[in-house]
Amino acid sequence: MATPEAKAGLHRAIENDELVLFYQPIHELESRRIVSAEALLRAQRPNGEIRNASKLAEAAEEGEDLHRLDSWLVRTAYRQAAHWQRELAPDVHININLSPREFQERDLTKRLETLLSGCGVDPHNVNLEITETHFISKADRVLDVLADLKRRGMNLWLDDFGTGHSSIWHLQHFPVDGVKVPGAFVKDLPDDRRCRAIASSIIALAHELELKVVAEEIETEEQLAFLRDCGCDYIQGYLFSKPMPAAAFEELLREQARSR
Ligand code: G
Ligand code: MN
């Protein structure tokens, strides 16, 4: 439960323009090419200090500021992606974490489309990451919303797959393009037998369903080697890059464009 202080903090952060997005690269495993940027919310204090904003996001999830926060986040990320696509990397995607509550709202597609067309981003270059928290109670409605987003060309990814309220039923019924293997199943690779079994099985299952896989929070070469042997498609984590300000991500794209 978010505290009243956290809710007030969120309101203040929006009012005072203290929110920023950091971007973490997602690479294709084989080529190491950057294929996308995951936009991650951070709070920037007036003194310049950057803080994780997970408490703020949690407060938004429960309070009235959710639409404002998500609209700001989506608009900022889209504008940034449009700039990168125009200037440096026409194919680069943008990964956006939308609040699970948003996927229950029938007008989500329209709102996202309005924001998209305002920025000139192709919906095919948008990856929406979905965390399966509140889905169970309103699965039918979520299914309609996801199908609608999919029809308009956006890509759908199940985030933190296999943790929380995540369900294999969603893989069977939701029109998703891929799953993200959470850090919890990467952390103890390759030594831990359970971690190996879980990570390799999620990848195999996803591939059987013709879905793509991103492994997250990769920190060691050994983890990477195991995931490569499993055929994992995309990789993300401190081993490659931490989440960074837009300017730093842009520099990576520039280097990549030069080396082609
Ligand atoms: O739930 P989600 O996967 O969207 O959360 C991503 C979070 O994980 C980010 O806030 C990011 O800072 C953090 N993160 C990204 N890469 C790594 C990593 O390699 N190791 C750890 N411990 N955390 C990471
Ligand atoms: Mn995510």
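Look up: the structure comes first, before these words.
Rules used in this analysis
Residues numbered from 1 in each chain as written. Chains lettered and ligands numbered in written order. Predicted model: local features only at pLDDT ≥ 70, side-chain atom pairs only at ≥ 80, totals over all residues. Heavy atoms only, no water. 1 Å grid on protein atoms, 1.4 Å probe; cavity = no way out; pocket = protein on both sides within 12 Å on 5 of 7 lines; lining within 4 Å. Points joined across faces, edges and corners; volume = space filled by probe spheres on them. Helix = DSSP H or I, 4+ residues; strand = E, 2+ residues; numbered from the N terminus. Near = heavy atom within 4 Å. Polar contact = N/O pair within 3.5 Å; in protein donor to acceptor, adjacent residues only side chain to side chain. Areas by Shrake-Rupley, 256 points an atom, 1.4 Å probe, with all protein chains shown as cover. Nonpolar A, V, L, I, M, F, W, Y, C, P; charged D, E, K, R; others polar. Buried < 20%, exposed > 50% of the residue type's maximum accessible area, 1.4 Å probe, protein only. Contact = heavy atoms within 4.5 Å. Lys, Arg positive; Asp, Glu negative; His and termini not counted. Salt bridge = Lys/Arg side-chain N within 4 Å of Asp/Glu carboxyl O. Axes fitted to C-alpha atoms, helices over the stretch in contact; angles between N-to-C directions. Left-handed = near helix turned anticlockwise from the far one by under 90°. Patch = residues over 30% accessible without salt bridge, like charges linked within 9 Å, V, L, I, M, F, W, Y side chains within 5 Å. Charge placed at Lys NZ, Arg CZ, Asp CG, Glu CD.

How should empty space enclosed by the protein be read in this particular structure?
Where empty space is left in the structure can be found by rolling a water-sized probe over the atoms. Applying the stated criterion to the full structure yields one cavity of 30 Å³ or more. Its volume calculated, the largest cavity comes out at about 40 Å³. Lining the largest cavity are Asp 70, Ser 71, Val 74, Leu 98, Glu 102, Leu 108, Arg 111, Leu 112 and Leu 115. Listing elements by their share of the lining of the largest cavity, those giving two or more residues are α3 (66-87) and α4 (108-119). Sort the elements by how many residues they give to the lining of the largest cavity and α4 lands first, with four residues.

Honestly, the site of ligand 1 in this entry has me stumped. Any pointers?
The environment of ligand 1 is made up of 14 residues, and the closest members are Gln 24, Arg 42, Glu 216, Glu 219 and Tyr 238. Gln 24 places a polar side-chain atom, nitrogen or oxygen, 3.0 Å from a nitrogen atom of ligand 1. In the complex, the protein chains occlude 77% of the 520 Å² of accessible area that ligand 1 would expose alone. A per-element tally of the shell around ligand 1 places strand β2 (residues 34-44) first, with three residues. Looking at side-chain class alone, the shell around ligand 1 contains four nonpolar, three polar and seven charged residues.

Could you clarify how one ought to interpret helix α2 (residues 54-62) in this entry?
For an α-helix, the turn length of 3.6 residues means that residues three or four places apart are oriented alike. All buried positions along α2 are accounted for by Leu 56, Ala 59, Ala 60 and Glu 61. The secondary structure elements touched by the buried residues of α2 are α1 (4-15), β1 (19-28), β2 and α3.

Just to check I follow, could you spell out the side chain of Asp 70 for this structure?
As for its placement among the helices and strands, Asp 70 is situated in helix α3. Salt bridges are absent for the buried Asp 70, whose nearest opposite-charge side chain, Arg 111, sits at 5.7 Å. Aside from chain neighbours lying at most four places away, what touches Asp 70 is Leu 98, Ser 99 and Glu 102.

I tried to follow the packing of α3 against α4 on my own but got confused; where do I start?
To characterise two packed helices, one gives the angle between the axes of the helices and the distance between these axes. Contact pair α3 / α4: the axes reach a minimum separation of 9 Å and the direction vectors enclose 30°. The two elements α3 and α4 meet at a crossing, and its hand is right-handed. Between α3 and α4, the residues in contact are His 67, Ser 71, Val 74, Arg 75, Tyr 78, Arg 79 and Ala 82 and Arg 111, Leu 112, Leu 115, Leu 116 and Cys 119, respectively. For the contact of α3 with α4, the class distribution of residues is seven nonpolar, two polar and three charged.

Please clarify how a negative patch on the surface should be interpreted in this entry.
On the surface, a cluster of negative charge is made up of Asp 191, Asp 192, Glu 221 and Glu 222. Here Asp 191 shows up in the loop between β7 (178-181) and α7 (193-208). On the basis of relative accessible area, Asp 191 is assigned to the exposed category, the value being 68%.

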